[in-house]
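Spelled out from the first residue to the last, the chains are:
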Amino acid sequence: MSSTPADPVHPSGPARTPGRSHTPGADALAAAHPTGRILHVGPVALRTSTRTITVTVTLIVTAVVLGAVGMTVGSSSLPIGDVVAALLNGMTGGPDLGKASKIVLDIRLPRVVTTVFAGAALGLSGAVFQSVSRNALGSPEIIGFTTGAATGAITQIVIFDAGPVTVSLGAVSGGLATAVVVYLLSVKNRVTGGYRLILVGIGVGAVLQAANNLLLVTGDLDSAVTANFWLAGSLDARGWEHALPVMTGVLVAIPLLLALGRRATLMEMGDDTASQLGIRVERTRLQLIAVAVLLAALATAAAGPIAFIALAAPQLATRLTRAPGMPVLTAAVTGSALLLVADVLARSVPVLATAPIGRVTGVVGGLYLIWLLARTKQV
């Protein structure tokens, strides 16, 4: 992932001078990026700055506000005061507010939680893939992992007529299996990453997209309709069975990615430099990819294929914070905010009211991708 806006696909940066530290690579990280502070939490070195903290807190507040607004919108509109009262009473065991409590706590809160953590999972996944590939086009939907997750889900729907839980497991299994295939095909001289990873992923994704279309035309009508609805990406009728897996995945992944973040930043300087600083490059790359694929698969299992979020959230986070390296927390919060904005707009604008959220983000993502490629100096 590049923090230099002039060339989003071919990042370049200032000269980097490695150094020495009791935490391997920490001085190199500070020398490479002189602004901000390096905080040591046990063996983990975290780079932070006032601007990054301000942007992250602002995005969190924005996401909370958007989530509250989202719970007022629906077939039965609710005042924001009733939404807040229902949430507070639900947390403190206060008096039941009848219809408002049932709508907020049983229907709209699980949807908002699913939206928040699916967006966060996609933001984190995109941040990892853009860091590993050192390319702004690195995201799970472009590399093919989201398509692989869709293949697993559609197989369960069309062939086995499975329920929601089994479909979700199929999506996760499909995403992980696709990751293994892409990784093995992209390995050259025991090294992967960069353009090779992206191009192999695009090829595998194209094959899987054809397989998805074949499954749709060979299945019975009811299964095909259900699969098409799932492929559109939707946050409708989301319950805690959708929210909890992706929420758990994000909460587990964030500390793992924070621990790997310093190594990922050093790897962005080049494999040789990172190896000289004691980083086991390919092992770290494989760990990062595994976490990112699992996050993308969990988000796809929870909400179906959602485009644009994984592609744009890390880049937007980097431009807002102006911080180098992999923006773990900021990318997660940015992804949540973007998906919440899309969901609120899709339900509030009449012309978009019947459009699945995946189609809305897909249109925006396509326009963003065209703009990104138009700014690229070399393709």
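Residues numbered from 1 in each chain as written. Predicted model: local features only at pLDDT ≥ 70, side-chain atom pairs only at ≥ 80, totals over all residues. Heavy atoms only, no water.

Draft legend 1. Examining the overall build of the protein chain more closely. Counting secondary structure elements, the protein chain contains 15 helices and two strands. For the protein chain, the proportion of its 379 residues judged to be buried stands at 53%. Within the protein chain, contacts between residues at least 6 apart in sequence are counted, and of these 73% link residues at least 24 apart. Of the roughly 17,000 Å² of accessible surface on the protein chain, 67% is carried by carbon and sulfur atoms. (Helix = DSSP H or I, 4+ residues; strand = E, 2+ residues; numbered from the N terminus. Buried < 20%, exposed > 50% of the residue type's maximum accessible area, 1.4 Å probe, protein only. Contact = heavy atoms within 4.5 Å. Areas by Shrake-Rupley, 256 points an atom, 1.4 Å probe, with all protein chains shown as cover.)

Draft legend 2. Representation of helix α10 (residues 240–267) in the model. Between its first and last C-alpha, α10 extends 38 Å over 28 residues, near the 40 Å set by a 1.5 Å rise per residue. The largest bend in α10 is about 45°, located at G261. (Expected span 1.5 Å × (residues − 1). Bend = angle between axes of the 7 residues up to and from the residue.)

Draft legend 3. Expanded view of the confidence of the model for the protein chain. Taken over all residues, the pLDDT of the protein chain has a mean of 84, while the share at 70 or more is 85%. Residue range residues 1–34 is modelled with pLDDT below 50. Its contacts to residues more than four positions away, or to other chains, number 78 contacts. (pLDDT = per-residue confidence, 0-100.)

Draft legend 4. Representation of a nonpolar patch on the surface within the structure. Residues I53, V57, V61, V65 and V69 make up a contiguous nonpolar surface patch of roughly 380 Å² in combined accessible area. Inspection of the secondary structure puts V65 in helix α2 (residues 50–70). Judged by its relative accessible area of 47%, V65 is partly exposed. (Patch = residues over 30% accessible without salt bridge, like charges linked within 9 Å, V, L, I, M, F, W, Y side chains within 5 Å. Salt bridge = Lys/Arg side-chain N within 4 Å of Asp/Glu carboxyl O.)

Draft legend 5. View of unusual backbone geometry. A positive phi angle is found at A237, which is not glycine, with a value near 55°. Positive phi values are uncommon outside glycine, yet R322 reaches one of about 55°. Given a relative accessible area of 63%, R322 falls into the exposed group.

Draft legend 6. Up close: the packing of aromatic side chains. Throughout the structure, instances matching the rule amount to one aromatic pair. Ring geometry for F129 and F145: centres 5.1 Å apart, planes at 35°, overall tilted. Highlighted residues: F129 in helix α4 (residues 99–133) and F145 in helix α6 (residues 145–158), separated in sequence by 16 residues. Like F129, the residue F145 is buried in the burial classification. (Phe/Tyr/Trp six-rings, centres within 6.5 Å; stacked < 30°, edge-to-face > 60°.)

Draft legend 7. Spatial organisation of the pattern of salt bridges. Here the structure, examined in full by the defined rule, presents seven salt bridges. The closest approach of N and O atoms between D271 and R134, which form a salt bridge, is 3.3 Å. In this pair, D271 sits in helix α11 (residues 271–276) while R134 sits in the loop between α4 and α5 (140–143), placing the two residues 137 residues apart along the sequence. A salt bridge links E282 to R285; its shortest N-O distance comes to 2.6 Å. Highlighted residues: E282 and R285, both in helix α12 (residues 281–303), separated by three residues, approximately one helical turn. We note that E282, like R285, is buried. Taken together, the salt bridges that share partners define one network made up of R111, D236, D343 and R347.

Draft legend 8. Seen up close, the side chain of R111. Position of R111 among the secondary structure elements: in helix α4. Overall, the relative accessible area of 11% leaves R111 in the buried class. Polar side-chain contacts of R111 include one of 2.7 Å to the side chain of D343. The contact partners of R111, leaving out residues within four places of it in the chain, are L235, D236, R238, D343 and R347. (Polar contact = N/O pair within 3.5 Å; in protein donor to acceptor, adjacent residues only side chain to side chain.)

Draft legend 9. Structural view of the nonpolar core. Within the largest apolar cluster, 89 residues are counted, with the highest numbers of intra-cluster contacts made by L124, W230, V250, L257, L288 and L295. The greatest single-element share of this core, amounting to 15 residues, is contributed by α4. One finds M267, M269, A274 and L277 within the second-largest nonpolar core, a separate group that totals seven residues. (Core = buried A, V, L, I, M, F, W, Y, C linked by side-chain atoms within 4.5 Å.)

Draft legend 10. Just the environment of R111, in detail. R111 sits 129 residues away from W240 along the chain, and the two C-alpha atoms are 8.2 Å apart. A polar side-chain atom of R111 sits 3.4 Å from the main-chain carbonyl oxygen of L235.

Draft legend 11. Seen up close, the environment of P164. The residue P164 is located in helix α7 (residues 164–186) in this model. Between the C-alpha atoms of P164 and H242, which are 78 residues apart in sequence, the distance is 8.6 Å.

Draft legend 12. The arrangement of the side chain of N89 in detail. Position of N89 among the secondary structure elements: in helix α3 (residues 80–92). Once residues lying within four places of it in the same chain are set aside, the contact partners of N89 are G94, P95 and L97.

Draft legend 13. Here's a closer look at α6. Over its 14 residues, α6 runs 20 Å from end to end, which matches the ideal 20 Å to within 8%, given 1.5 Å per residue. The element α6 is extensively covered by neighbouring structure, given that 13 of its 14 residues are classed as buried.

Draft legend 14. Representation of the packing of α4 against α10 within the structure. Where α4 meets α10, the axes come as close as 8 Å, and the angle between the chain directions of the two elements is 30°. As judged from the angle between their axes, α4 and α10 are roughly parallel. Considering only the axes of α4 and α10, their crossing is left-handed. For the pair formed by α4 and α10, the contact residues are L105, L109, P110, V113, T114, F117, A118, A120, A121, L124, V128 and S131 on the first element and W240, H242, A243, V246, M247, V250, L251, I254, L257 and A264 on the second. For the contact of α4 with α10, the residue count by class is 19 nonpolar, three polar and no charged. (Axes fitted to C-alpha atoms, helices over the stretch in contact; angles between N-to-C directions. Parallel < 35°, antiparallel > 145°, perpendicular 65-115°, else oblique. Left-handed = near helix turned anticlockwise from the far one by under 90°. Nonpolar A, V, L, I, M, F, W, Y, C, P; charged D, E, K, R; others polar.)

Draft legend 15. Spatial organisation of the packing of α7 against α12. Axis separation between α7 and α12 bottoms out at 8 Å; the angle between their running directions is 150°. Of the possible angle classes, the one that applies to α7 and α12 is roughly antiparallel. Every pair of crossing elements has a handedness; the one defined by α7 and α12 is right-handed. Contacts from S168, A171, V172, G175, L176, A179 and Y183 of α7 reach α12 at E282, L286, I289, V293, L294, A297, L298 and A301.

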